[in-house]
Amino acid sequence: MDILTLFKQSLPALLSGLYVTLEVAAISLVIATVLGLSFGMLAISRNKILKFVAIVYVDIFRGTPLIVQAFFIYFGLPAALDIKIPAFVAGVLCISLNAGAYMVEIFRAGIMAVDKGQMEASRSLGLPYGKTMKLVILPQAIRNMIPAIINQFIISLKDTSLLSVIGIKELTQSGEIIIASNYRSFETWSFVAIFYFIMIMALTYAARSVERRLKI
Amino acid sequence: MIQVKGLKKVFKDLEVLKGIDFNIKKGEVVCLIGPSGSGKSTVLRCLNRLEEIDGGTVLVDGQDVANNKIDLNVLRQKLGMVFQSFNLFPHLTVIENVTLSPINLKKLPKAEAIKKGFELLEKVGLKEKAYVYPDKLSGGQKQRVAIARALAMGPEIMLFDEPTSALDPEMVGEVLQVMKDLASEGMTMIVVTHEMGFAREVANRVLFLSDGYLVEEGKPEDIFNNPKNERTKEFLSKVL
């Protein structure tokens, strides 16, 4: 069988895997961004308890491997709590919490990098802390954070491949399934690799254009 | 309008203000002078509580600034502040800088805030720069925008923290001119400055601070021509 025929044969399975990968990644990254921003705000707060909560969250998810987190959420938690978590939900939860922990640090560093005179100027105008964050600090911080955020998006997109271990039929798992029926490892893994590569390149270029547009 | 009594401020183990007393009346222009590290800027920053007050009382319009029950954001609207390093918002245009607080604190409807913003920019001579971003402005222009921004909330008192210290010499004049205009309109102003010429010409009163103490105060002609305290004499002999 020539490579084109092989590609055509595997395409439906690859595309459905691609779709699942994109779905998991997209949902997770939205949640991760919200987690990163929320816990990031705690991390920079002057309240020691709030700060501690953020540190504990970050330390737990940075301090353990993603694959262990996936097993823990998918097998560990249901066993302990006597509940059932669908693989897709467990996967999204896992990537969200993991990426979120890294995003906390990105947000924290991004906010701290904004000159403290900005906070003082805004507060001295009578703008409350929350409005100052939203209108003055975050717009500047996020601009500087974009490269780091995109980097995290790329890492997390690739991390979704690990979710094959809990049986989610994402792109990598689709590759394995295809090979199980056609035994063509070299070609199939090449297809899978190219699919990932294209996704990440698209993300990279989209990010670059956003970055260019936001330059002052 | 402002009463400061026994004001103390401690940074870690360092006591930078060791009990400062002074009053400011409405319409007065008061210059704070003194060597670096004497606590001039800290005094100013305690007035709108950008620095926490560690002792003594500061009353603005009869309101205790250190009291946690007062609405600090309302208090700060009465006190416009201008910083040495301008601190314009770089992601906003000049007019957006000036109208940010009036619009977001709903002091004025947007159209009116913009109209008022243009008036203020005209006052500082920068109407034509309204839609420019701060990085396209010279230092002097930035500081004039910062003054317009501070005026936008209609403050009763303007605080200037070394407004010309970060400027190239040829730009100092334009900023001082705007401040003189403000003073002649009757604005109450407290100015931390190294511009002795400005203090002499514009101030009603000069306060000399050294090592966390208010060492001497008086009319500019008295302070500059007949300083009584040794430390004042020594300082003035260096800067004049």
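Since we're looking at a predicted model, the values are computed, not measured. (Residues numbered from 1 in each chain as written. Chains lettered and ligands numbered in written order. Predicted model: local features only at pLDDT ≥ 70, side-chain atom pairs only at ≥ 80, totals over all residues. Heavy atoms only, no water.)

Draft legend 1. The arrangement of the overall build of chain B in detail. Each helix and strand in chain B was counted, giving nine helices and ten strands. Relative to the 2.2 N^0.38 estimate, which gives 18 Å for 240 residues, the radius of gyration of chain B is 18 Å and therefore close to what a compact globule would have. Seen through its principal axes, chain B has C-alpha atoms that stretch 55 × 45 × 35 Å. Considering chain B as a whole, with its 240 residues, one finds that 55% of them fall into the buried category. Taking the contacts inside chain B whose residues are at least 6 apart along the sequence as the reference set, 65% of them involve residues at least 24 apart. Of the roughly 10,400 Å² that chain B leaves accessible, carbon and sulfur atoms contribute 48%. Distance between charge centres in chain B, computed from 33 positive and 33 negative side chains, equals 3 Å. (Helix = DSSP H or I, 4+ residues; strand = E, 2+ residues; numbered from the N terminus. Rg over C-alpha atoms; globule rule 2.2 N^0.38 Å. Buried < 20%, exposed > 50% of the residue type's maximum accessible area, 1.4 Å probe, protein only. Contact = heavy atoms within 4.5 Å. Areas by Shrake-Rupley, 256 points an atom, 1.4 Å probe, with all protein chains shown as cover. Lys, Arg positive; Asp, Glu negative; His and termini not counted. Charge placed at Lys NZ, Arg CZ, Asp CG, Glu CD.)

Draft legend 2. Structural view of the overall build of chain A. The helix and strand tally for chain A stands at eight helices and zero strands. In chain A, the succession of helices and strands from N to C terminus is α-α-α-α-α-α-α-α. Along the three orthogonal principal directions, the C-alpha set of chain A runs to about 70 × 45 × 20 Å. Per-residue burial over chain A gives 45% buried out of 216 residues. For chain A, contacts bridging at least 24 residues in sequence account for 74% of all contacts bridging at least 6. Here chain A displays about 11,300 Å² of accessible surface, and carbon together with sulfur accounts for 70% of that area. Within chain A, one finds 19 positive and 12 negative side-chain charges whose respective centroids are separated by 11 Å.

Draft legend 3. The arrangement of the packing of helix α5 (residues 116-124) of chain A against helix α6 (residues 129-159) of chain A in detail. All names here are of chain A. With their axes 10 Å apart at the nearest point, α5 and α6 run at an angle of 145° to one another. The crossing of α5 and α6 is right-handed. Two secondary-structure elements touch here, α5 through Q118, M119, S122 and R123 and α6 through Y129, T132, M133, V136, I137 and Q140. Here the contact of α5 with α6 is composed, by residue class, of five nonpolar, four polar and one charged. (Axes fitted to C-alpha atoms, helices over the stretch in contact; angles between N-to-C directions. Left-handed = near helix turned anticlockwise from the far one by under 90°. Nonpolar A, V, L, I, M, F, W, Y, C, P; charged D, E, K, R; others polar.)

Draft legend 4. Broad picture of unusual backbone geometry. Residues and elements named next belong to chain B. Not every positive phi belongs to a glycine, and F86 is a case in point at roughly 65°. Among the secondary structure elements, F86 is positioned in the loop between β6 (79-82) and α3 (94-104). Even without being a glycine, E162 presents a positive backbone phi close to 45°. Relative to the elements of secondary structure, E162 occurs in the loop between β7 (157-161) and α6 (169-184).

Draft legend 5. Quick peek at the pairing of β6 of chain B. All names here are of chain B. Side chains of β6 alternate between two faces, with L79 and M81 and G80 and V82 buried alike. The pairing of β6 with β7 spans four bridges and is parallel. Residue pairing for β7: M81 is matched across the bridge by L159. (Pairing = 2+ DSSP bridges.)

Draft legend 6. Local environment of the interface of chain B and chain A. With 23 residues of chain B at the interface, the matching set in chain A holds 19 residues. Together, the buried faces of chain B and chain A total about 1,900 Å²; carbon and sulfur atoms form 61% of this surface. Remark: the boundary between chain B and chain A carries one salt bridge. Here R45 of chain B makes a salt bridge to E120 of chain A, at a shortest N to O gap of 2.6 Å. There are seven residue pairs in polar contact (both at pLDDT 80 or more) connecting chain B and chain A. Classifying every residue of the side of chain B that touches chain A by side-chain character gives twelve nonpolar, seven polar and four charged. (Buried area = accessible area lost by both parts, 1.4 Å probe. Salt bridge = Lys/Arg side-chain N within 4 Å of Asp/Glu carboxyl O. Polar contact = N/O pair within 3.5 Å; in protein donor to acceptor, adjacent residues only side chain to side chain.)

Draft legend 7. Just the pattern of salt bridges, in detail. Following the criterion strictly, the structure yields 19 salt bridges over all chains and no others. One salt bridge in this structure joins D135 of chain B and K136 of chain B, with 3.9 Å as the shortest N-O distance. The exposed category is assigned to K136 of chain B, whose relative accessible area is 59%. Each of E120 of chain A together with K9, R45, E51 and D54 of chain B takes part in salt bridges that share partners, so that together they form one network.

Draft legend 8. Seen up close, the confidence of the model for chain B. The share of residues in chain B with pLDDT of 70 or more is 100%, and the mean pLDDT across the chain is 94. Reported confidence for the predicted complex is 0.92 by ipTM and 0.88 by pTM. (pLDDT = per-residue confidence, 0-100.)

Draft legend 9. Focus on the sheet that holds strand β10 (residues 213-218) of chain B. Residue and element names in this part refer to chain B. Strand order in the open sheet made by the six strands is β6-β7-β8-β3-β9-β10, with mixed pairing throughout. This sheet does not close on itself; its edge strands, each paired only once, are β6 and β10. Shown here is a sheet whose adjacent strand axes are inclined to one another by a mean of 20°, direction ignored. Bridge count between strand β3 (residues 29-33) and strand β9 (residues 205-210): four bridges; the pairing is parallel. Counterpart to C31 in the pairing with β9 is V206. Its contacts with the sheet place helix α1 (residues 40-47) against β3, β6, β7, β8 (188-192) and β9, and it is angled at close to 145° to β7. Each of β3, β9 and β10 touches helix α9 (residues 230-239); the most contacted strand, β9, lies at about 100° to it.

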